Amino acid sequence: MTIVKSMFIASFILLSSYYLYAGEKNEYADIRKNYENLIRNDVRAIPYINEYIKKAKKEADFPQLVQGYRDAVLYNPSEYMKLAYADSTIYAALRSKDNDLITYAYLGKGIVYYFSFKKFKPALDQYVKAYRYSKNTKNEYLKYKVIYHLGVVKSYLGYYEEAIEHFNECIAFFERKTKDKLHPNILYDHQRGYLNSLHQITICYGNLQQNSKADSIVTVALSNIGDSKDFLLEKSYFFKSKGILKFYQDNYEGAIVDFHQSLPEIIKTGDFEWVSIIYFYLGKCYLKYDTEKSIRSFQKVDSIFNIHHFVVPRIRSNYEYLINYYKKKKDLGKQLYYTNQLLKADSLISKDFTYLSSKIHKEYDRQSLLDEKKYLLQTNYNRALLTITFSVLTFIFLLLFILHYRKERNSTIKYKLLQEKFNAANSAEKGKEKYIIPVSVSKKMILSVEVIKDLTEKLHAFEKNNEFIQKGLTQRKLALKLKTNTYYLSTFINETKGINFNRYIGEMRIHYITVLLYSHKKYLNYTIEALAEECGISTRQSFSDLFFEFNGMRPKDFIRKRKEEVDNS
């Protein structure tokens, strides 16, 4: 609950307490002394208020119970608890059968609805009930307080002529009372009632475009206040009204000055409603000078709307300015956002400002707004889809590029390693037979010396003559060719080469074809199938797999790298 709301309710309750309970029992007065000087919403008052209520219930003293519940409304910080205690106040007041108490009870609940929740219809219902009970009251302050609040709600709902009648009655009453010899506190409250009534009637005349009347009232009010420090808030409201009048007189610079003079005190009191209206008019004034300042002011109105979920019809066009601004900038996201905000604002206005709803929808057709929203959503969707598609394609491209780069880098590294390996092998084998895989004889060899010597010579000739490139070569065929048996051949290869027969043949073939690719450029133009055939391997896939297994890279990558090397050299 904002400070200004709390101040109003506090003033209302304390002043009415003065009128109704000046002679209250000492016991109750003693309890109230514990908290009556605390500020509104101060929870320290709650234990004493509970004690006060408990005592009144026990004694079935309904007038005192009304006072206790009204104190609970004042000091409880929860808006919903205020509403609950307002209901309890009505219950106790009805049990008291005192029309003034009942009037205060209904008026109090209306004030909670109006100031705490901005629920105008329920507030008006409560004020009407209060008015019925106040008809025969002798408490004039109470009677005109009810009339004032009836006028406030009617003004907000757009019934300006009816509201003006209420405020004229209040102005006449409060002005007359300010000339009486009253207690300073009572005089102060009547002065505030007079100034507040002038302010409210100024609003009505402004909305009816009777600006000359509004202007004269503002002049009178500011003259009455003068340099008094007691009515700073009221003075700020009149400067606000003065600024609005100057705006409609096209005096934008003067309006800006008045608005800035009014803002600090109104912001300080937490009156978000008038703060949003002032920022709206500031935005319209700045349109003439500084578009960026204008948009920032309109955006402040939207911030207040997001926090408090409250909007009045006069600032509805705030969103039209924002929508059109971002439409020109081709910012579909912001345009859609403020279109949604305008639809939300219309929904809230339709609930509380029924009198104005039909007029609003004539001025700005809701269906066209919904159509615009649909278009924006579709356009936004299409843009989002294109953005996502572009992002996905870019990601795929980058991923492929990275994978290609990494593959290329790995190929280069592997090629260099392979090159180093062959260069080292060539250096070590100078003067020796080039392609022969070294033979090492284990001390634990199970074959006889004669068999080892025989197979060494024969296998050496087999390797030297490149007989391993024969297609379909098996261990059995080679054993027959070397005039030995498969056991001796397998054992000899395993012991001397450290590998089995199939790997031995495969390594010899890949070594053979790799040397050819290094040594003779013509082989670089062979197909993979032709290279496989050249070294005795039956299929392209088997050749590719074996080449990768022994050399660490695929034959096509090796050939590409070798060609690059040859071209560069």
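A quick note: this is a predicted structure, and the numbers were derived from the prediction, not measured. (Residues numbered from 1 in each chain as written. Predicted model: local features only at pLDDT ≥ 70, side-chain atom pairs only at ≥ 80, totals over all residues. Heavy atoms only, no water.)

Novice: Requested: an account of the overall build of the protein chain, with residues and values cited.
Specialist: Across its full length, the protein chain carries 26 helices and zero strands. Residues counted as buried form 48% of the 569 residues belonging to the protein chain. If you take every contact in the protein chain between residues at least 6 apart in sequence, the share linking residues at least 24 apart comes to 64%. In the form shown here, the protein chain has an accessible surface area of approximately 29,600 Å², with 53% of it arising from carbon and sulfur atoms. (Helix = DSSP H or I, 4+ residues; strand = E, 2+ residues; numbered from the N terminus. Buried < 20%, exposed > 50% of the residue type's maximum accessible area, 1.4 Å probe, protein only. Contact = heavy atoms within 4.5 Å. Areas by Shrake-Rupley, 256 points an atom, 1.4 Å probe, with all protein chains shown as cover.)

Novice: Account for a nonpolar patch on the surface, naming residues and giving values.
Specialist: Taken together, the side chains of I388, V392, L393, F395, I396, L399, L400 and L403 present a nonpolar region at the surface, about 760 Å² in accessible area. As for its position among the elements, F395 is in helix α19 (residues 366-428). By relative accessible area, F395 is classed as exposed at 53%. (Patch = residues over 30% accessible without salt bridge, like charges linked within 9 Å, V, L, I, M, F, W, Y side chains within 5 Å. Salt bridge = Lys/Arg side-chain N within 4 Å of Asp/Glu carboxyl O.)

Novice: Tell me about the side chain of S276, residues and numbers included.
Specialist: If you trace the backbone, S276 turns up in helix α14 (residues 272-286). Within the local environment of S276, its side chain forms a polar contact with the backbone oxygen of E273, the two atoms lying 2.6 Å apart. Once you skip the residues sitting within four places of it in the chain, S276 turns out to touch V301, I304 and I315. (Polar contact = N/O pair within 3.5 Å; in protein donor to acceptor, adjacent residues only side chain to side chain.)

Novice: Explain the packing of aromatic side chains to me, using residue names and the numbers behind them.
Specialist: In the structure shown here, the tally under the stated rule is 31 aromatic pairs. Arranged with centres 4.3 Å apart and planes meeting at 10°, the rings of Y144 and F173 form a pair that is stacked. Pair noted here: Y144 is in helix α8 (residues 140-156) and F173 is in helix α9 (residues 160-178), with a separation of 29 residues, a long-range link. For the pair shown, Y144 and F173 are each scored as buried. Each residue in the set F247, Y248, Y252, F259, F280, Y281, F298 and Y321 is aromatic and connected to the rest through ring pairs, giving one cluster. One Lys or Arg, R70, reaches over the ring of Y104 and ends 5.0 Å from the middle of that ring. (Phe/Tyr/Trp six-rings, centres within 6.5 Å; stacked < 30°, edge-to-face > 60°. Lys NZ or Arg CZ within 6 Å of the ring centre and 35° of its normal.)

Novice: Give a description of the pattern of salt bridges that names residues and reports values.
Specialist: Across all of its chains, the model carries 23 salt bridges by this definition. Among the ionic pairs, R32 bridges to D71, the shortest N-O distance being 3.0 Å. Of the two residues, R32 is situated in helix α2 (residues 26-32) and D71 in helix α4 (residues 62-75); the sequence distance between them amounts to 39 residues. Each member of the pair, R32 as well as D71, is classed as buried.

Novice: Describe in detail the confidence of the model for the protein chain, supporting the description with residues and values.
Specialist: In this model, the protein chain carries an average pLDDT of 84, and 87% of its residues clear a pLDDT of 70 or more. Note on residues 356-365: pLDDT under 50 across the span, and 15 contacts to partners over four residues away in sequence or across chains. The low-confidence segment residues 431-439, where pLDDT is below 50, has 22 contacts with residues more than four positions distant or belonging to other chains. (pLDDT = per-residue confidence, 0-100.)

Novice: An account of the packing of α9 against helix α10 (residues 184-207) is requested, with residue identities and associated values reported.
Specialist: The relative placement of two packed helices comes down to the angle between their axes together with the axis-to-axis distance. Running from N to C, α9 and α10 cross one another at 155°; their axes reach a closest spacing of 8 Å. For the element pair α9 / α10, the angle class is roughly antiparallel. Judged by the twist between their axes, the crossing of α9 over α10 is left-handed. Residue-level inspection shows Y160, A163, I164, F167, N168, C170, I171, F173, F174, E175, K177 and T178 of α9 in contact with α10, the latter providing L187, H190, Q191, G193, Y194, S197, L198, Q200, I201, C204, Y205 and N207. (Axes fitted to C-alpha atoms, helices over the stretch in contact; angles between N-to-C directions. Parallel < 35°, antiparallel > 145°, perpendicular 65-115°, else oblique. Left-handed = near helix turned anticlockwise from the far one by under 90°.)

Novice: Tell me about the packing of α4 against helix α5 (residues 79-96), residues and numbers included.
Specialist: At their nearest, the axes of α4 and α5 sit 8 Å apart, and the two run at 165° to each other. In terms of their interaxial angle, α4 and α5 are classed as roughly antiparallel. The handedness of the crossing between α4 and α5 comes out as left-handed. Within the contact between the two elements, α4 uses F62, P63, L65, V66, Y69, R70, A72, V73 and L74 and α5 uses K82, Y85, A86, S88, T89, A92, A93, R95 and S96.

Novice: Please provide a residue-by-residue account of the environment of R32, values included.
Specialist: Given the relative accessible area of 7%, R32 is considered buried. Considering only alpha carbons, one finds R32 and I49, 17 residues apart in sequence, at a separation of 7.7 Å. Looking at R32, its side chain comes within polar contact range of the side chain of D71, at 3.0 Å.

Novice: Pulling in residues and values, what's your account of unusual backbone geometry?
Specialist: With phi around 50°, A60 is a residue other than glycine that occupies positive phi space. Along the polypeptide, A60 turns up in the loop between α3 (46-58) and α4. What makes A60 partly exposed here is its relative accessible area of 48%. One non-glycine residue, Q209, adopts positive backbone phi at about 60°. Mapped onto the elements of the fold, Q209 is located in the loop between α10 and α11 (211-225). Given the relative accessible area of 68%, Q209 is considered exposed.

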